[in-house]
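Working through the structure, step by step
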Amino acid sequence: MKLKLFTLTAFLGLFLGANAQINLDQRIKKEGVVKGVIIKNGKEEQGYIKKIAETRRFLTNGEYKDYQALDNFQYFMYFIPKSEFESAEKIKNNMYIKYRPEAIEGYKYIYPDGTTLVYETVMYSDKSSITLKMIPQPVFVRVESTGRLNIYTYYIPPSQMGTTLEEVKGAEEPQTLFRKAGEKEAKAIYTINIEKDLADCPKVVAKFKNGEYNVIGKKGSDSKLVKIANKLNANDEMKLAALMEYNEGLCD
């Protein structure tokens with residue numbers, strides 16, 4: 001009798017555990033969220049992030065087409081703590097907290113397959129057009145490499161008014177930024193002066209001056225930034241290769 005009772009209790013525990021997981025999965029799907037982490041005051045907090053739209057629809061030649069809109073990750077996101085999301089009887093919209101770059105140091109956006117996008121708050125002056133974006137302001141940028149300097153990906157958002165197809169397509173092109181340790185503001189890669197900015201690593205400077213950094217895309221598909229590098233012009237690709245080797249500790 002005791003054995004039967006123990007078996008029944010164990011089975012009931014497994015059933016309730018599985019049912020709870022099913023309910024959580026249903027809630028995740030219903031709420032349209034992914035797992036996420038925010039970094040605030042140097043500490044990580046786990047939770048869930050409202051899915052961020054990765055495409056935008058634009059009228060092209062009389063029909064609507066979808067274009068990438070990865071710039072949507074850069075300015076705000078909605079987050080709910082893990083404990084609150086998983087224990088609340090009902091999820092209400094006001095339970096989500098809207099975070100802008102100035103409020104946190106960054107966040108992690110985790111897809112169901114485990115792929116994780118890491119975003120960091122940096123100051124950046126977008127000089128791609130004469131707008132208020134030229135004033136340095138905090139923005140979330142995607143982290144591609146960390147080390148003696150950080151390398152990021154940034155997307156130029158279309159203007160809010162009078163958006164053109166050229167702007168929409170331009171927003172699909174990744175822009176590479178970098179920021180050295182101790183510096184507050186990130187810079188576009190085309191602005192880097194290798195001899196000046198990497199002067200503390202003479203080996204990288206010498207290799208760059210000697211033209212030893214070939215097009216990254218030719219190094220093989222295992223290169224972390226191949227896709228990004230292939231969007232750059234040849235000179236900026238060489239700069240990116242120099243930055244990557246600098247980050248790998250050539251002069252450590």
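The sections below set out a description of the structure shown in this document. (Residues numbered from 1 in each chain as written. Predicted model: local features only at pLDDT ≥ 70, side-chain atom pairs only at ≥ 80, totals over all residues. Heavy atoms only, no water.)

This next bit is on the overall build of the chain. Within the chain, the regular secondary structure consists of seven helices and 12 strands. Per-residue burial over the chain gives 39% buried out of 252 residues. Roughly 15,300 Å² of accessible area belongs to the chain as shown, and the carbon and sulfur atoms make up 54% of that amount. (Helix = DSSP H or I, 4+ residues; strand = E, 2+ residues; numbered from the N terminus. Buried < 20%, exposed > 50% of the residue type's maximum accessible area, 1.4 Å probe, protein only. Areas by Shrake-Rupley, 256 points an atom, 1.4 Å probe, with all protein chains shown as cover.)

Right, let's get into the pairing of strand β11 (residues 175-180). Judged by how many residues are buried, β11 sits mostly within the fold: five of six residues are covered. In the sheet, strand β10 (residues 149-154) pairs with β11 via six bridges, with the strands oriented antiparallel. Bridge pairing in β11 links Ile151 to Phe178. The loop that links β11 with its antiparallel partner strand β12 (residues 185-188) comprises four residues; one of these, Gly182, has a positive phi angle of about 95 degrees. (Pairing = 2+ DSSP bridges.)

With that settled, the discussion passes to the pattern of salt bridges. Applying the stated rule across the entire model yields 10 salt bridges. Linking Lys50 and Glu31 is a salt bridge whose minimum nitrogen-to-oxygen distance equals 3.8 Å. Pair noted here: Lys50 is in strand β2 (residues 43-50) and Glu31 is in helix α1 (residues 2-31), with a separation of 19 residues, a long-range link. Accessibility expressed as a relative area gives 24% for Lys50, which makes it partly exposed. Across the salt bridge formed by Arg142 and Glu144, the nearest N and O atoms sit 3.1 Å from each other. Note on Glu144: relative accessible area 10%, which makes it buried. Each of Arg148, Lys180 and Asp200 takes part in one network of salt bridges that share partners. (Salt bridge = Lys/Arg side-chain N within 4 Å of Asp/Glu carboxyl O.)

Counting across every chain of the model gives one disulfide. Each sulfur in the disulfide pair Cys201 and Cys251 lies 2.0 Å from the other. Measuring the twist about the S-S bond at about 75 degrees, one finds the Cys201-Cys251 disulfide to be right-handed. Of the two residues, Cys201 is situated in the loop between α4 (194-197) and α5 (202-209) and Cys251 in the segment after α7 (234-247); the sequence distance between them amounts to 50 residues. (Disulfide = S-S within 2.5 Å.)

Glancing now at the environment of Asn235. Relative to the helices and strands, Asn235 is located in helix α7. Note: C-alpha distance between Asn235 and Asn214 (21 residues apart in sequence) is 9.5 Å.

This part is about the environment of Asn233. Tracing the backbone through its elements, the reader meets Asn233 in the loop between α6 (226-229) and α7. We classify Asn233 as partly exposed; its relative accessible area is 44%. Along the backbone, Asn233 and Tyr190 are 43 residues apart, and their C-alpha atoms lie at a distance of 9.4 Å.

Okay, unusual backbone geometry next. One non-glycine residue, Asn41, lies in positive phi territory at about 55 degrees. Mapped onto the secondary structure, Asn41 falls in the loop between β1 (33-40) and β2. The exposure class assigned to Asn41 is exposed, which follows from its relative accessible area of 66%. Even without being glycine, Asn61 reaches a positive phi, approximately 55 degrees. Relative to the assigned elements, Asn61 resides in the loop between β3 (55-60) and β4 (63-68). Exposure remark for Asn61: the relative accessible area of 75% places this residue in the exposed category.

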